[in-house]
Number of protein chains: 2
Amino acid sequence: MSSKAVASLQAEVNRLRHELQTLKVEGESTVAGETMFVGQYLVERLVQLGVTKMFGVPGDFNLGFLDFVEDHPKIDWVGDCNELNAAYAADGYARVNEGKIGVVTTTFGVGELSAMNGIAGAFSEHVPVLHLVGVPSTSQQKEKPMLHHTLGDGRYDAYYKASQQFTIAQAVLNNKDTAPAEIDRVLTECVVMARPVYLMLPTDIAYERIPARRLKTPLNIEPPANDEEVEQFVLDEIVKLVEEAQNDVIILVDACAIRHGVKKEVEELYKRTGFPVYSAPMGKTAVSESYERYGGIYVGSVSNPVIKEKVESAKLILSVGALKSDFNTGNFTYHIPTQRTIELHSDHTRVQFAGFPGIGMKRLLPKLTSRLQPFKEDAVQFDVPKFQLPVPQEDNNVISHAWLWPRVGQFFKSKDIIVAETGTSSFGVLDIPLPPDSIFVSQILWGSIGWTVGATLGAAFGGLDRGLGRTILFVGDGSIQLTVQELSVMLRWGLKPIIFVLNNSGYTIERYLHGMTRKYNDISNWKWTKLLDTLGGEEGKTCKSYTVRTKQELSDLLDDATFARADVIQLVELVMPKEDAPRALKVQAELSGKTNRYVAEF
Amino acid sequence: MSSKAVASLQAEVNRLRHELQTLKVEGESTVAGETMFVGQYLVERLVQLGVTKMFGVPGDFNLGFLDFVEDHPKIDWVGDCNELNAAYAADGYARVNEGKIGVVTTTFGVGELSAMNGIAGAFSEHVPVLHLVGVPSTSQQKEKPMLHHTLGDGRYDAYYKASQQFTIAQAVLNNKDTAPAEIDRVLTECVVMARPVYLMLPTDIAYERIPARRLKTPLNIEPPANDEEVEQFVLDEIVKLVEEAQNDVIILVDACAIRHGVKKEVEELYKRTGFPVYSAPMGKTAVSESYERYGGIYVGSVSNPVIKEKVESAKLILSVGALKSDFNTGNFTYHIPTQRTIELHSDHTRVQFAGFPGIGMKRLLPKLTSRLQPFKEDAVQFDVPKFQLPVPQEDNNVISHAWLWPRVGQFFKSKDIIVAETGTSSFGVLDIPLPPDSIFVSQILWGSIGWTVGATLGAAFGGLDRGLGRTILFVGDGSIQLTVQELSVMLRWGLKPIIFVLNNSGYTIERYLHGMTRKYNDISNWKWTKLLDTLGGEEGKTCKSYTVRTKQELSDLLDDATFARADVIQLVELVMPKEDAPRALKVQAELSGKTNRYVAEF
C-alpha cells in the first residue's frame, strides 16, 4: 500500500474521530445552543489555529465574508495589491510561522486564477496554505447565470477543477449543515499534510446560521501514529545499519524537516548522537549553522569540495525530510549509494531499498534518538569541517558576488529572517553561515521569480507573531519587477524589512541558463531608490533608500548602526556587474543548460 | 446536434483538407526540401497570421525558442514584467487587431500558471490568444525528474490539465513529425473559434529540423460554410418575421459581432435595411456611434429610459453576437420576449424558440442583407433617438462622474482606442458617444480589475499595426495597483498612451457592491504622478504627469493642444470624491448586490 493510500486512510480515521468528538460535545448540552454564521465559524477555526493575518484582495462574492474578518479582534485583513502577491504572502507567512497555516482569500474566477501560481508553489514545497474563494450563491450555482467572472458557458466548476491539480483537499461549502465538518476536514488536511487546500464559500452560505458548539472540539492536527510493529522493525533495521557503519554516520537535513515540523526532534537526534550534520539548500537553517558539529551545505557536485568529500565518504547517511529537486541536489549529483541511505519522511521511511509507507518521522525520531544515543561517544570522533566563508580580498572596489555574500554574512544577526530570491540571491546565500535562530526563506524547488517580494510581506508578519528579528530580502532587479507593488503593503502596515535590490541589469539566472547577451534577458532600469516613496512612503521619514556602487559604500552602510537597527523600511540598490554570479549558480546553470538540450545557435 | 458538436466536425473537416493540401505541395517538389527548426516553423506561422508582437516573460525552458523570436525581422519580443500582464497584453492586442491573434509565451509551471487568469478572461470574452509554454525536453517528460518548476510528485501534466479548462484546443508538441500539423490545427482553431489555445513546446523539439514546405500552404482560417438547405430555411423564417413585424425591427449589436469579425457585414445590414441599430455595452463601437440611425447603448433596465422604451417596444429584435452577461444586460433585465427575438451567432442561429446549430452569421449576414434590403423604405420611418450626452452644468468645481464622462467625450477623436477598466470607468464611458472609427476596449463579462493596464500595452501595439490614433486608458486607483509595472514596458517601447487614473481613494465598484465604508475597500495612496518617472521614464522628457482636482483644471488640460497630441506617454491623476460613481454603476451594483444575497450586517 502506498504512502498516499495510508495517509488517506489515516486522515479518514482522524476525521471520523473528530466528528464523533464534536457530537459528544453537542450532545452534552441541553441548553439551546448558541449559533453563529458559517463565515464566522471559519474565521474562528483559523484563529484557533493561531492565524493572525489573512491575505487577499476584495472582490465581488467575498465582500460579505470580509466583514467577519475585519470585525474580528484577533485576525487582521491584509489587503494585498493583487492575488498572486497575496498567495506568495500567505506562503511566506506559513513558512516563518512554523506549525501555522497561511490564508489567502480571493474571488471567484478572476481572483483565484490569479493566485494559482502561488498555490502551486506552496503545494510543491509543502507549505500549508488555505485558498479561500468567495463564490456566487448556491442558487446561482444551480442556475448558472452568465455572471461577471464566469466563462460564459455555464462551467461554474472550471476553477475548482483547475485547483484540484494544486491542492491536497477541496470543498465546496454548498450546504450549511455539512459546512462546518467540511471546513474542519479541509483545515485538518492542510495542517497535517502541510499542503494547500481549497474552499469555496458561497455568498449565502457565509451568512447561514449554524450551531457554535463544534468549536469547543479543537481540530486534531497531530500527525497520525505509526504502526507499532512496523515502526519497531524499522528502528531495529536502522540501528543495525548504524552499527555496521561503525558510527560513521552523517545526518542530512532537508526541506521537509522544516515543513513538517520536526526541527526539535532532529536537534535532539544530532545533539544526543553527536553525528555530524549537514543541510541541503532547502534545509538551510533547519539546523543552527553555528552548531559546532554542523558542516554546512551539501549540494552534490556543486558542494564545497570538503563537504562533498565528507558526506559522500560517510558509511551511512541519515536523511531527514529530503526533497531532491535539481537545484537542491546539484542537478541530481548525489554520489551516495542507496545502500548507504536511510530516508525519513513525514509519511514514509526508506531504509536502503526498502520502503515503509505510513512510518512518519514525527513519531519515529524521538524513538530513534533514544536507540542511537549510546553511539555518541564513538560518533564524536568523526570531525566536522568548520562551516565558514571568509570575506575574500579583492583588489578592486566592485561589488562582486564572491565578496558580497560573505560580507552580508557578517551583517546578519540571530533571529534575522533572510529571504533570497531565485537566482543569484538564492545561490549566493547558500555558502554563508547564517546566525543561530535565523530563518532562511527561498523557493528553491518551485523557483518562481518575484515570489520573494510577497513572501517577505508574509514572512515579516510571521516574524512579528514569533518575536523574531529583522526581515532581510535579497532580490534581483528582474525579479522584483514582477511583484514590486507589494512594497506598498509593507509600507502601509509599518513593516520594516531591509530590501537589497541587486541591480545588475537583467535576469541573471536566465543569462546563465541561456542567452547571456540576448536582449530578452535585459530589463528596464527603474529608479530603485524612488520606489518606496512613490508607492506610499515618505523618503527620509517612513522609508529610507540608498544606492551603493562600491565595496566601501556597502560596507559603510552595513556598519551603520542606524541602518542595522532597521526601524524603518529600507531599500538598498546594489550596483553590480552584469555578468557576475555566485559560484554555485554558474555550476548549476551549466548543468541545467546541458539537460535542457538547447542546441547551439544555428 | 449541438453547436459545439457541429463546430467540432467542421473543424475536423477543415483540418483534414488542410493536411491534404500540405501533402500536395510537398509531393510536387522533387528537390530535396528546405528544412527549418520546429520553433522557427511556429514563428513563421504566426508571422503569416499577421502577428507582429509576442508578449511574455523569459524563463528556463523557453529561452532557446526566444532566440528565434528575437532574430526574426517581422516579429518583436515584448518582454513583459510578469506573465499575467503579458496575457492581458496579448488579449488587448488581439482585440484591437481584429482578425489577428495575440500570443503570450511563458515557462513551464511558474510562468503559465501566473498567466492563467489572463487566458481564462480571453476564453470568456472570445478573444483569440495563443498561450505558448516552453517545457522540459521530451526525455525529461518521460523520466519526470524533480526539476525546478515542477510539483515534486512527477505530475508533469498538471498544468496542461488545468489549462484545458480555459482553452479551446491544446497540443503537446512531443513529436517533431506531428508538430507542424499540431501547430496548424491549434492555430486554426484559435482564429476560427476566436478562443485561446495552448501549446507546450519542449526544449528539444524547438530545435528539431522539419521540412519547410508546409508553410507554402496557408492556414485555412475561414469560418465554415453553412448547410445550404438549413440556411435557406432560416433566411425565409427571418424574412417572414420581419414582414410580420411590419419593419418595426431593431438591430442590437453585441460583443461577438466584433470578436467574430462581422462588423462590416453588420454595417452592410443596417445601412442597406435602414433598421435602427443599438449596441449592448460589450458591442460599443462595433457600430459607428455617430451613424445617424444609431440610438446608443441598450442595457436592459439600466438603459437610458428613451432607449429602453425604443428597444423594448420594437416588434422584432435582430440581435447580432449576443453575450448576455449580467453587466452587459442590466443584470439580465432584457424585457424582450423570445418571440420577438432573432439571434445571430458565430456558430448557430436562433429564431424565436428555434435553434439552428451550425448556421453561422459570417456567411448568413450578407444573404440576409440582400433579402432584407427591399424593406429599407419602410424601415426609415422609424425614428431613432439621438445618442448624445451633453456636459451637465454643475455649480461646483468637483470632478464628478456625471460631468467627467461627457467632458472627456468631447476630448475623444476618431481612431482613438479607449480602454476602460472594470468599475467606474467601464460604466462611465458607456453613455457617451465615441467618435467614428474609435475602438472601445473593456472586459465587461470577465471583469478582472487591473486588466486594462496590460491590455493598454497590447492595444497600443495593435493600434500601431492598424494605423489608429491615440490609446487612452481610464483606470481606477485600486485597479492600477494590481498591474502597474506594465507602465514600464510602455515606456521602454516608446508607446504614448494617455493614462487617466481615477484617484477616489479605493475600490469604488466594490464599495457599491458591498462595504461602502469598510477598510478592506481602502487602498494605499500612491504618488501617481511619480510612477512613470520611477518606472523607467524621465519626467518632462519621455513622460509627462499631471494632477487635476477641479473641473477647470481638467478642462484646461483636455483643451491643451500639446496634451491632446499625445506625443509622449502621459499620466493624469484625477482627484475625485470617494463615494461618487456613474449612474449606470450605481444601478447595476444595487441589482448585483441583491442577487449576492449578503444578509444585512449582524
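Residues numbered from 1 in each chain as written. Chains lettered and ligands numbered in written order. Predicted model: local features only at pLDDT ≥ 70, side-chain atom pairs only at ≥ 80, totals over all residues. Heavy atoms only, no water.

- The name given to chain A in an unreviewed UniProt entry is Pyruvate decarboxylase, and the organism recorded there is Trametes coccinea.
- Recorded in UniProt under Sequence similarities (unreviewed entry), the annotation for chain A is "Belongs to the TPP enzyme family." (UniProt positions renumbered as here; feature names shortened; annotations may be inferred.)

### Some thoughts on the packing of aromatic side chains
Move 1: Inspection of the entire model under this criterion finds 50 aromatic pairs over all chains.
Move 2: Residues Phe233 of chain A and Phe356 of chain A carry aromatic rings whose centres are separated by 6.0 Å and whose planes lie at 50° to one another, so their mutual orientation is tilted. With Phe233 of chain A in helix α9 (residues 228–244) and Phe356 of chain A in strand β15 (residues 354–357), this residue pair connects regions lying 123 residues apart in the sequence.
Move 3: Take Phe233 of chain A: its relative accessible area is 45%, and that puts it in the partly exposed class.
Move 4: Taken together, a centroid distance of 6.4 Å and an interplanar angle of 75° make the contact between Phe65 of chain B and Phe68 of chain B edge-to-face. Placement of both Phe65 of chain B and Phe68 of chain B in helix α3 (residues 63–71) is noted, with a separation of three residues, approximately one turn of the helix.
Move 5: Classification of Phe65 of chain B as buried rests on a relative accessible area of 3%.
Move 6: On the basis of relative accessible area, Phe68 of chain B is assigned to the buried category, the value being 4%.
Move 7: Cluster of aromatic residues (ring-pair linked, three or more members): Trp405, Phe411, Phe412, Phe474, Phe500, Tyr546 and Phe563 of chain A.
Move 8: The residue whose ring lies beneath Arg209 of chain B is Phe37 of chain B, and the NZ or CZ to ring-centre distance is 4.3 Å. (Phe/Tyr/Trp six-rings, centres within 6.5 Å; stacked < 30°, edge-to-face > 60°. Helix = DSSP H or I, 4+ residues; strand = E, 2+ residues; numbered from the N terminus. Buried < 20%, exposed > 50% of the residue type's maximum accessible area, 1.4 Å probe, protein only. Lys NZ or Arg CZ within 6 Å of the ring centre and 35° of its normal.)

### A few points about the UniProt feature "binding site: Mg(2+)" (unreviewed entry) in chain A
Residues and elements named next belong to chain A.
Move 1: Under the UniProt annotation, the feature "binding site: Mg(2+)" (unreviewed entry) is placed at Asp477, Asn504 and Gly506. Taking the farthest pair of C-alpha atoms as the criterion, the annotated set spanning 30 residues converges on one region, since that pair is 7.0 Å apart.
Move 2: Note that Asp477 resides in helix α18 (residues 477–483).
Move 3: With respect to the helices, strands and loops of the structure, Asn504 is situated in the loop between β19 (498–503) and α20 (508–513).
Move 4: Beyond its immediate sequence surroundings of up to four residues, Asn504 is in contact with His401, Asp477, Met576, Pro577 and Lys578. (Contact = heavy atoms within 4.5 Å.)

### Section: helix α9 (residues 228–244) of chain B
All names here are of chain B.
Move 1: With 17 residues, α9 should reach 24 Å at 1.5 Å per residue; the first-to-last C-alpha distance of 24 Å fits that figure.
Move 2: Looking at α9, one finds that the buried residues are Glu231, Val234, Leu235, Ile238, Val239, Leu241 and Val242. Along α9, the residues classed as buried sweep out an arc of 160° about the axis, all on the same side. In α9, the exposed positions angled more than 90 degrees off the buried face are occupied by Glu229 and Glu244.
Move 3: Close packing links the buried residues of α9 with β9 (249–253), β12 (316–320), β13 (341–344), β14 (348–351), β15 (354–357) and α13 (361–372).
Move 4: The backbone nitrogen of Glu229 has a side-chain oxygen 2.9 Å away, supplied by the residue at the start of α9, namely Asp227.
Move 5: Gln246 lies just past α9 and shows a positive phi near 50°. (Expected span 1.5 Å × (residues − 1). Arc of directions from axis to C-beta. Polar contact = N/O pair within 3.5 Å; in protein donor to acceptor, adjacent residues only side chain to side chain.)

### Some points on the pattern of salt bridges
Pairing of side chains with opposite charge becomes possible as their charged atoms draw close.
Move 1: Tallying each qualifying case throughout the model produces 72 salt bridges over all chains.
Move 2: Between Glu70 of chain A and Arg518 of chain B there is a salt bridge whose closest N-O contact spans 3.4 Å. Here Glu70 of chain A is found in helix α3 (residues 63–71), whereas its partner Arg518 of chain B is found in the loop between α20 (508–513) and α21 (531–534) on a different chain.
Move 3: Note on Arg518 of chain B: relative accessible area 12%, which makes it buried.
Move 4: As a salt-bridge pair, Arg95 of chain B and Glu125 of chain B come within 2.9 Å of each other at their nearest N and O atoms. (Salt bridge = Lys/Arg side-chain N within 4 Å of Asp/Glu carboxyl O.)

### Let's talk about the sheet that holds strand β3 (residues 76–79) of chain B
Residue and element names in this part refer to chain B.
Move 1: Taken in spatial order, the six strands line up as β3-β2-β4-β5-β7-β6 in an open sheet, and their pairing is parallel. Looking at which strands have only one partner, the edges of the open sheet turn out to be β3 and β6 (169–172). Put simply, the sheet's adjacent strands are angled 25° from each other on average, direction ignored.
Move 2: As paired strands, β6 and strand β7 (residues 197–202) are joined by four bridges and run parallel to one another. Considered in β7, the bridge of Val172 is made with Met200.
Move 3: Sitting on the sheet, helix α5 (residues 110–124) is in contact with β4 (102–107), β5 (129–135) and β7, with an inclination near 155° to β4. (Pairing = 2+ DSSP bridges. Axes fitted to C-alpha atoms, helices over the stretch in contact; angles between N-to-C directions.)

### Describing the packing of helix α4 (residues 83–96) of chain B against helix α17 (residues 451–466) of chain B
Helix-helix packing: each pair is described by the crossing angle between the helix axes and the interaxial distance.
Residue and element names in this part refer to chain B.
Move 1: Following both chains from N to C, one finds α4 and α17 inclined at 40°, their axes separated by 6 Å at the closest point. Judged on the interaxial angle alone, α17 and α4 are oblique. Considering how the two elements wind past one another, α4 and α17 form a crossing that is right-handed. On the side of α4, the interface is formed by Asn85, Tyr88, Ala89, Asp91, Gly92, Tyr93, Arg95 and Val96, while α17 contributes Trp451, Gly454, Ala455, Leu457, Gly458, Ala459, Phe461, Gly462, Gly463, Asp465 and Arg466. (Parallel < 35°, antiparallel > 145°, perpendicular 65-115°, else oblique. Left-handed = near helix turned anticlockwise from the far one by under 90°.)

### Focus on the domain arrangement of chain A
Residues and elements named next belong to chain A.
Move 1: Domains assigned within chain A are domain 1 (32–216), domain 2 (228–380) and domain 3 (401–595).
Move 2: One C-alpha centre belongs to domain 2, the other to domain 3; they are set 31 Å apart.
Move 3: Counting residues at the interface gives 18 residues for domain 2 and 20 residues for domain 3.
Move 4: Summing both partners gives a buried area of about 1700 Å² for domain 2 against domain 3, and 64% of it is carried by carbon and sulfur. (Domains from an automatic or database assignment. Buried area = accessible area lost by both parts, 1.4 Å probe.)

### Remarks on the pairing of strand β4 (residues 102–107) of chain A
All names here are of chain A.
Move 1: Burial runs high along β4: six of the six residues are buried.
Move 2: On β4, burial covers both faces: Gly102, Val104 and Thr106 on one face and Val103, Thr105 and Thr107 on the other are all buried.
Move 3: As defined by bridge partners, strand β2 (residues 53–56) adjoins β4 across two bridges and the pair is classed as parallel. Bridging from a neighbouring strand, Gly56 pairs with Thr105 of β4.
Move 4: Across six bridges, the pairing between β4 and strand β5 (residues 129–135) is parallel. Directly across from Thr105, in β5, lies its bridge partner Leu132.
Move 5: In the classification by handedness, the crossover that spans β4, the intervening helix α5 (residues 110–124) and the parallel β5 is right-handed. (Right-handed = clockwise from strand over helix to strand, strands pointing away.)

### Re the relation of the copies chain B and chain A
Move 1: In screw terms, the move from chain B to chain A is a rotation of 180° and a rise of 0.0 Å along the axis, fitting with an RMSD of 0.0 Å. Such a combination of turn and shift is consistent with a two-fold rotation axis. Taking C-alpha positions as the reference, the residue of chain B nearest the rotation axis is Ala162 of chain B, at 2.2 Å. (Least-squares fit on C-alpha atoms with pLDDT ≥ 70 in both.)

### Some words on the UniProt feature "domain: Thiamine pyrophosphate enzyme TPP-binding" (unreviewed entry) in chain A
Move 1: Mapped onto this numbering, the UniProt entry annotates "domain: Thiamine pyrophosphate enzyme TPP-binding" (unreviewed entry) at residues 436–562 of chain A.
Move 2: Helix makes up 40% of residues 436–562 of chain A and strand makes up 17%, while its end C-alpha atoms are separated by 22 Å.

### Points about the packing of α4 of chain B against α5 of chain B
Residue and element names in this part refer to chain B.
Move 1: It is the contact of α4 with α5, at a shortest axis distance of 7 Å, that shows an interaxial angle of 30°. It follows from the interaxial angle that α4 and α5 lie roughly parallel. Seen from above, α4 lies across α5 with right-handed handedness. Packed against α4, whose contacting residues are Glu83, Leu84, Ala87, Tyr88 and Asp91, the element α5 presents Gly111, Ser114, Ala115, Asn117, Gly118, Ile119, Gly121 and Ala122 at the interface.
Move 2: Here the contact of α4 with α5 is built from residues that sort into six nonpolar, five polar and two charged. (Nonpolar A, V, L, I, M, F, W, Y, C, P; charged D, E, K, R; others polar.)

### Side note on the interface of chain B and chain A
Move 1: Between chain B and chain A, the residue contacts involve 100 residues of the former and 100 residues of the latter.
Move 2: Carbon and sulfur atoms supply 55% of the area buried between chain B and chain A, which totals about 8400 Å² over both sides.
Move 3: Where Asp67 of chain B meets Arg518 of chain A, a salt bridge forms, and the shortest distance between an N and an O atom there is 3.0 Å.

### Thoughts on the environment of Gly355 of chain B
Move 1: Its place among the elements puts Gly355 of chain B in strand β15.
Move 2: Sequence separation between Gly355 of chain B and Val234 of chain B is 121 residues, and the spatial gap between their C-alpha atoms is 9.8 Å.

### Digging into the side chain of Ser124 of chain A
Move 1: By the secondary structure assignment, Ser124 of chain A is in helix α5.
Move 2: Assessed through its relative accessible area of 1%, Ser124 of chain A is described here as buried.
Move 3: Within the structure, the side chain of Ser124 of chain A is placed 3.4 Å from the backbone oxygen of Thr150 of chain B, a separation counted as a polar contact.
Move 4: Setting aside its immediate chain neighbours within four residues, Ser124 of chain A contacts Arg195, Leu323, Leu445 and Trp446 of chain A together with Thr150 and Leu151 of chain B.

### With respect to the sheet that holds strand β17 (residues 439–441) of chain B
All names here are of chain B.
Move 1: On the basis of which strands lie adjacent, the open sheet formed by six strands has the order β17-β16-β18-β19-β21-β20 and parallel pairing. Looking along the sheet, the strands with just one partner apiece sit at the ends: β17 and β20 (543–548). Adjacent strand axes in the sheet meet at a mean angle of 15° when their direction is disregarded.
Move 2: Sheet contacts for helix α22 (residues 551–559): β19 (498–503), β20 and β21 (569–575); angle to β20, the most-contacted strand, approximately 150°.

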